Amino acid sequence: MERETKTKGFRDSDAPHPVIVVGAGMAGLSVALHLAERGLAPLVLEADPHYPGGRVAGDDVVELNHRGQTWRFRGEHGVHGIWSAYHNLQAMLTRYHIRPMFVPAQEENWTYKRGGRVYVAEAGSAIRHSWVPAPLHYLALFIRPRFLGMLGLRDWLTLPRVWYSLIFALGIDPLREGQTLEGLYLSDFTKGWSPALRAIFAGLSRNFLSAGPEETPLSGFVAFLRFYTLRRRDAWAFSYMPADSGASLIEPMVGKLRELGGVLELDRSVTRLERETNGWRVHWRGNASDETHTALARHVVLATDAPNAEKILRASPDTRTAAADLYWPRAMPTATMRFWFDQPPRAGAEAGIFSGEFVIDNYFWLHRLHNPYVEWHKVTGGSAVEVHLYGRPAMLEEPDAALLTRAIADVNSAFPELRGHLLHQAIRRNDATHTLFSVGPAGRHLGITSPWPGLFCCGDWVRHPSPTFFLERACVTGIEAANAVLRAHHSPTWPLLDGPPPERFARFLEKLMLRGRRARRRRKKAAPP
Amino acid sequence: MSLSARNYWINLVKLLRRERLLRPLVVTYYVTTQCNLNCVYCEDFGARRNAQAETPLPLEDALRVLRVIRDGTDSLIVTGGEPLLYPHIVPLVTRARRELGFHQITLLTNGLLLPQHEAILPHLDRLVISLDTADPDSLSQIIDAPLSTAQEILDHTRTYARRQRQEGYQLIINCVLTPETTSSVQSVLDLCVEHRTLVSFSPQAVHNWPRYDLLVSDAYKALLAQLMALKRRGAPILGSVAYLRTLHDMVPYTCYPTLAPRVMPSGDLVYPCRPIENEGDSHGGRPCNLLEVTSWEQAIELAANAYGPPPRICTSCFQQCFAEPSLMQTRPLSLLRELIGYAPSRQGGVWTHAPG
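Because the structure is predicted, anything quoted here is derived from the model rather than measured. (Residues numbered from 1 in each chain as written. Chains lettered and ligands numbered in written order. Predicted model: local features only at pLDDT ≥ 70, side-chain atom pairs only at ≥ 80, totals over all residues.)

(A) Representation of the confidence of the model for chain B within the structure. All names here are of chain B. Here chain B averages 91 in pLDDT, and 96% of its residues register 70 or above. Summarising per-element confidence for chain B, the mean pLDDT is lowest in helix H15 (residues 343–348) (65) and highest in helix H2 (residues 59–72) (98). Both scores are given for the predicted complex: the pTM is 0.92, the ipTM 0.88. (pLDDT = per-residue confidence, 0-100. Helix = DSSP H or I, 4+ residues; strand = E, 2+ residues; numbered from the N terminus.)

And the structure:
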């Protein structure tokens with residue numbers, strides 16, 4: 001549960017490993033588990049000196065002394081759950097008997113601030129329990145009085161335009177078609193919309209892609225929209241992990257990996273790769289010293305975030321030139337802050353999205369989700385909230401105290417009943433590792449198989465036709481990378497599970513739009529130049 | 001109108017009010033957690049866990065538990081372990097019917113001990129026998145017992161199928177789909193058609209989710225599509241098309257676990273559902289023993305105070321016994337379609353599914 005002990009005394013070796021996996025996040029552990037189960041026990045190198053897991057890692061414990069008792073709460077990166085369409089991830093966890101009992105989300109609020117006034121609407125249940133079929137299911141929002149209260153005449157007038165844009169998004173599948181939508185950003189998609197409707201999409205974009213509308217590539221946003229909500233009402237069904245993500249997902253996965261013979265080494269920051277006749281030599285160094293170590297592997301799987309993968313390949317003599325010409329999706333820094341209060345907020349949703357004039361982007365009431373916090377709440381009646389800040393690089397450079405002040409001001413304006421009840425606060429800053437997904441040009445955006453023999457990639461930033469995102473994409477590309485290695489070893493591969501199919505009406509519209517686009521292309525071709 | 005049917009209508013109103021604590025349509029009482037078989041897929045109690053089995057209650061206490069249950073609903077599922085191993089099973093069911101006035105009683109058994117307990121049959125509305133294949137060799141492997149035991153179960157199934165009309169119960173075959181049995185499902189269907197019994201299907205669960213090998217199997221998907229088509233053509237399949245489609249597409253459904261609560265041998269109410277209770281964390285557990293309360297309402301109040309209202313969309317359970325009550329409660333039109341459109345559902349009454 002607590003910090004992993006560093007494995008010491010790893011020696012440089014020339015006996016080649018069958019596979020070295022660089023990175024022990026969801027993608028790296030997925031590759032490693034699928035290889036280990038087929039008898040190819042890999043060596044997994046993780047740069048973090050204490051915690052495997054990357055964006056799903058656990059963190060140090062925060063202690064809180066309250067009413068004569070010391071309470072211990074583990075930190076984490078900030079990923080709290082999974083979505084219903086994460087089929088491959090759930091299947092993997094089930095197969096290894098490590099699937100936690102996820103806590104189903106009940107409600108997500110949309111909290112909007114305009115002109116200093118705060119509006120709150122229950123949005124999550126309206127979308128997933130909508131009585132209107134996808135993609136029109138958002139209409140259910142419009143019979144919720146609180147949502148209506150937020151909209152003005154201008155919003156109503158731009159609604160047709162919003163629907164047109166959404167149906168346009170149904171007609172394009174950036175991932176399967178490899179559509180880069182180059183030069184287009186979310187701000188182009190929402191151009192001409194009213195401020196309130198733009199704010200909803202800006203909130204979605206910050207929460208999911210960690211960037212504002214001007215920075216979010218349209219290909220990534222459309223792919224996100226399609227996967228999480230546009231094609232099915234119930235795709236927007238979230239389940240929380242019962243504790244921090246390290247304890248709920250990563251540590252059980254690491255335990256299983258070790259059981260299957262895999263080796264995980266922490267504090268191994270891979271610096272470069274060198275091609276040798278029988279594979280790749282992997283160079284790494286630890287946090288505390290500059291001494292470099294190496295190991296030889298027949299195959300290497302790069303399962304790290306996009307900026308780190310770029311750094312490694314640009315530092316490697318055999319890949320340097322090509323890597324400079326490759327397309328690399330961006331990754332964004334984030335910050336998460338936790339606040340403990342001596343009383344609970346008013347009844348309402350356990351989580352929600354902030355938009356409009358708020359600085360923070362979302363919130364999760366941990367005392368309603370995570371077991372340690374639930375226990376604390378039961379005993380003391382206190383509450384705890386985690387808020388996230390995405391997509392504002394300049395603001396993220398401010399000192400901790402300034403960010404905490406901004407965040408607590410937002411929490412207080414959304415939950416005024418908690419003013420003066422703050423007990424404790426903690427902040428965690430995450431490096432620029434959160435993928436700002438986009439589809440890059442074919443041939444320049446790395447896929448599972450790289451241009452270099454024996455070197456594979458996986459992660460949620462990798463180009464692959466799967467419509468999935470984030471944890472599920474990391475898992476899917478991880479399985480695909482394992483399959484690529486297994487094929488080279490003439491071992492049986494792992495089948496992938498399909499996501500849920502679109503609802504009938506959405507499928508009909510999708511087909512109609514695709515047919516329309518094809519006809520338009522044909523007309524263009526036939527037209528004289 | 002039976003109490004469970006009345007609860008169905010009341011629940012519709014509760015749903016309109018967006019309440020989550022719905023009234024029970026049926027309650028499952030695990031009279032014992034002892035079992036005489038060791039089915040390879042069993043995640044519940046199986047013989048290999050008999051040493052940890054809970055001590056069953058004396059008859060009078062078990063009846064007190066049933067009295068509280070009867071306050072909530074008049075539909076009861078008696079199961080285990082193997083319920084026929086409960087020493088007072090015949091008087092319990094007899095008195096449940098005669099004294100407590102349960103309107104619908106279902107017994108879920110592996111069928112092996114039925115000849116020794118035939119006195120129970122006239123008091124049952126539905127007899128559910130677990131049978132995953134009609135092939136004795138495969139069955140003996142599944143139940144981890146000699147071929148003769150498998151043959152005995154098959155013989156008993158046929159015998160008690162023949163006695164349905166005479167004794168006044170409906171026999172239902174409960175078939176767990178495993179990668180090993182998907183190819184022999186037709187033999188179970190044939191047996192059901194031949195003996196005029198109903199059959200219900202659930203996927204094998206591993207840690208409460210359909211087994212990976214099933215999910216990645218084209219044969220499993222094809223089988224589900226075939227079952228939907230067969231059902232539409234009038235095959236004796238119990239379980240709604242909505243449920244089969246949920247399995248086929250692996251999509252979440254809105255779950256209301258208090259529609260079909262579970263009570264353990266000791267009388268402990270499981271809340272909000274067994275999978276969450278099994279985790280033993282802050283989100284669920286056994287908030288009260290029915291011997292210590294006087295009404296169902298009181299038990300549920302204790303539960304809700306301890307753990308809060310039950311969750312709604314949970315992507316955890318795809319077994320029919322968990323999914324179907326919620327699917328039918330939240331989709332009245334689907335229920336109507338089942339009852340009007342499909343002959344097997346009509347035979348099963350409001351209960352479009354068999355407990356698993």
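(B) View of the confidence of the model for chain A. Considering every residue of chain A, the mean pLDDT works out to 92; 97% of them sit at 70 or more. A low-confidence stretch, residues 4–11 of chain A stays under pLDDT 50, and its non-local contacts, those more than four residues away or across chains, total eleven contacts. (Contact = placed C-beta atoms within 7 Å.)

(C) A look at the domain arrangement of chain A. All names here are of chain A. Domain parsing of chain A yields domain 1 (13–55 + 244–328 + 440–488), domain 2 (108–230) and domain 3 (330–436). If you average the C-alpha positions of domain 1 and of domain 3, the two centres end up 32 Å apart. Contacts between domain 1 and domain 3 engage eight residues on the former and six residues on the latter. Classifying every residue of the side of domain 1 that touches domain 3 gives three nonpolar, one polar and four charged. (Domains from an automatic or database assignment. Nonpolar A, V, L, I, M, F, W, Y, C, P; charged D, E, K, R; others polar.)

(D) Structural detail: the interface of chain B and chain A. Listed per partner, the contact involves 23 residues of chain B and 26 residues of chain A. No other element matches the three residues that helix H11 (residues 274–279) of chain B contributes to the side of chain B that touches chain A. Considered class by class, the residues forming the side of chain B that touches chain A number 13 nonpolar, six polar and four charged.

(E) Quick peek at helix H9 (residues 218–232) of chain B. All names here are of chain B. With 15 residues, H9 extends 21 Å from end C-alpha to end C-alpha; this agrees with the ideal 21 Å at 1.5 Å per step. Tyr220, Leu223, Leu224, Leu227 and Lys231 are the residues of H9 that are buried. End-on view of H9: buried residues confined to an arc of 100°, all on one side of the axis. Away from the buried face of H9 by more than 90 degrees, exposed residues Asp218, Ala222, Ala229 and Arg232 are located. Buried residues along H9 sit against strand S5 (170–177), helix H7 (185–195), strand S6 (198–203), helix H8 (212–215), strand S9 (237–238) and helix H10 (241–249). The first or second residue beyond H9 is Gly234, which carries a positive phi of 100°. (Expected span 1.5 Å × (residues − 1). Buried ≥ 20, exposed ≤ 12 C-beta atoms within 10 Å, placed from the backbone. Arc of directions from axis to C-beta.)

(F) Here's a closer look at unusual backbone geometry. In this structure, A:Pro135 follows A:Ala134 across a cis peptide bond, with omega equal to 5°. Along the polypeptide, A:Pro135 turns up in the loop between helix H3 (124–128) and helix H4 (145–150). B:Tyr271 connects to B:Pro272 through a cis peptide bond whose omega is -10°. Turning to its location among the elements, B:Pro272 is positioned in the loop between strand S11 (268–271) and H11.

(G) Up close: the sheet that holds strand S9 (residues 238–240) of chain A. Residues and elements named next belong to chain A. Here three strands make up an open sheet; going across it, the order is S5-S9-S6 and the pairing antiparallel. Strands with a single pairing partner mark the edges of an open sheet, and in this sheet they are strand S5 (81–83) and strand S6 (103–104). Sheet analysis places S6 next to S9, joined by two bridges and oriented antiparallel. The partner of Val103 across the bridge, within S9, is Tyr240. (Pairing = 2+ DSSP bridges.)

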